[in-house]
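Commentary on secondary and tertiary structure
So you can see what is in the structure, the chains are spelled out below.
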Amino acid sequence: MTPAPRTLELFYDVLSPYSWLGFEVLCRYKKLWNINLQLRPSLIAAIMKDSGSLSAMRFLTAVNLEHPKMLEKVSRELWMRVWSRDEDISEPKSILAAAEKAGMSTEQAQGLLEKISTPEVKNELRDTTNTACKYGAFGLPVTVAHLDGQTHMLFGSDRMELLAHLLGEKWMGPVPPAINAKI
């Protein structure tokens, strides 16, 4: 009998390249480690007091509220824009382009973009960011593992080997063999 998936929360901001590294690794290990990965867009500015990602993170929050299955793809595309292609992620047209490249329709993306200034989206991003701070976040990424009634907060993308140990799993590097064979 397969044990129930363990829950991990990843608090991240697309302006953090280390968040991206942690994001990609955890996405690769979801099935290998039998984890329920909860992606938690957070505002690094509220944690580190200076960032240009407010619109992008509000957009990701809106995606999470209305189209959560698209969150992984849209997050990845925003990271690709800012860290691989040196493209903007702060302007509405840039956010729309990222969402469309990730597979959202123009209408879906535009509808979500129109919601980034709503109290629902602002409050959700604020609440998620406050939750990260309550766990002890002082930067991003933060991964929170919920195991056997205990909570473990790990800061940084360089803590995956420790996370594997906490989960009782084997760490096989940032690209595990099962994923490597598909590349």
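Residues numbered from 1 in each chain as written. Predicted model: local features only at pLDDT ≥ 70, side-chain atom pairs only at ≥ 80, totals over all residues. Heavy atoms only, no water.

**A few points about helix α6 (residues 106–113)**
- Considered for burial, the residues of α6 that qualify are A109, L112 and L113. Taken end-on, α6 shows its buried residues confined to a sector of 100°, consistent with a single buried face.
- Along its buried surface, α6 packs onto α3 (54–66) and α5 (92–101). (Buried < 20%, exposed > 50% of the residue type's maximum accessible area, 1.4 Å probe, protein only. Helix = DSSP H or I, 4+ residues; strand = E, 2+ residues; numbered from the N terminus. Arc of directions from axis to C-beta. Contact = heavy atoms within 4.5 Å.)

**Remarks on the packing of helix α4 (residues 71–84) against α5**
- In the contact formed by α4 and α5, the axes pass within 8 Å of each other and the chain directions differ by 125°. Between α4 and α5, the angle is such that the two are oblique. Remark: the crossing between α4 and α5 carries right-handed chirality. Facing α4, whose interface residues are V74, E77, L78 and R81, α5 presents S94, A97, A98, A99 and K101. (Axes fitted to C-alpha atoms, helices over the stretch in contact; angles between N-to-C directions. Parallel < 35°, antiparallel > 145°, perpendicular 65-115°, else oblique. Left-handed = near helix turned anticlockwise from the far one by under 90°.)

**A short note on the pairing of strand β4 (residues 150–155)**
- Note that strand β3 (residues 142–147) and β4 share six bridges and pair antiparallel. Residue pairing across strands places V142 opposite F155, the latter belonging to β4.
- Taken together, β3 and the strand that follows it, β4, pair antiparallel across an intervening segment of two residues, in which D148 is found at a positive phi of about 50°. (Pairing = 2+ DSSP bridges.)

**Here's the deal with the environment of N64**
- Tracing the chain through its elements places N64 in helix α3.
- Residue classification places N64 among the partly exposed residues on the basis of a relative accessible area of 26%.
- As a C-alpha pair, N64 and V121 span 57 residues in sequence and 9.7 Å in three-dimensional space.
- If we skip the residues at most four places from it in the chain, N64 touches L39, P41 and L71.

**Here's the deal with the side chain of R40**
- On the secondary structure map, R40 appears in strand β2 (residues 35–41).
- Only 2.3 Å separates the side chain of R40 from the side chain of E9, close enough to count as a polar contact.
- Once residues within four sequence positions are removed from consideration, R40 is found in contact with E9, L10, F11, Y12, T128 and T131. (Polar contact = N/O pair within 3.5 Å; in protein donor to acceptor, adjacent residues only side chain to side chain.)

**Concerning the pattern of salt bridges**
- Throughout the structure, instances matching the rule amount to ten salt bridges.
- Its salt-bridge partner being R159, residue D158 comes within 3.2 Å of it at the nearest N-O pair.
- Taking the relative accessible area as the measure of exposure, D158 reaches 58% and is therefore exposed.
- With a relative accessible area of 36%, R159 lands in the partly exposed category. (Salt bridge = Lys/Arg side-chain N within 4 Å of Asp/Glu carboxyl O.)

**Considerations on the nonpolar core**
- Counting residues in each nonpolar core, the largest one holds 48 residues, and the members touching the most others are F59 and L163.
- Residues contacting L163, with those up to four places away along its chain left out, are L8, L26, W33, T143, A145 and L154.
- F11, L140, V142 and V144 belong to the second-largest nonpolar core, a separate cluster that totals eight residues. (Core = buried A, V, L, I, M, F, W, Y, C linked by side-chain atoms within 4.5 Å.)

**So, the confidence of the model for the protein**
- Per-residue pLDDT for the protein averages 92, and the proportion of residues at 70 or more is 95%.
- Within the protein, α6 carries the highest mean pLDDT (98), whereas helix α9 (residues 177–180) carries the lowest (72). (pLDDT = per-residue confidence, 0-100.)

**Some points on the packing of aromatic side chains**
- The tally for this structure, following the rule as stated, stands at nine aromatic pairs.
- Plain terms: the ring middles of Y29 and W171 are 5.3 Å apart, the flat faces sit at 20° to each other, and that makes the pair stacked. On the criterion of sequence distance, the pair formed by Y29 in helix α1 (residues 17–29) and W171 in the loop between α8 (160–167) and α9 is long-range, its members being 142 residues apart.
- Every member of this aromatic cluster is reached through a ring pair, and the members are Y12, W20, F23 and W79. (Phe/Tyr/Trp six-rings, centres within 6.5 Å; stacked < 30°, edge-to-face > 60°.)

**Here we look at the sheet that holds strand β1 (residues 6–12)**
- Taking strand neighbours across the sheet as the criterion, the four strands line up as β2-β1-β3-β4 in an open arrangement whose pairing is mixed. The open sheet terminates on both sides in strands that have one partner only, identified here as β2 and β4. Geometrically, the sheet is characterised by an average inter-axis angle of 20° between neighbouring strands, direction not taken into account.
- Packing against the sheet, helix α7 (residues 119–134) makes contact with β1 and β2, and its axis sits at approximately 115° to β2.

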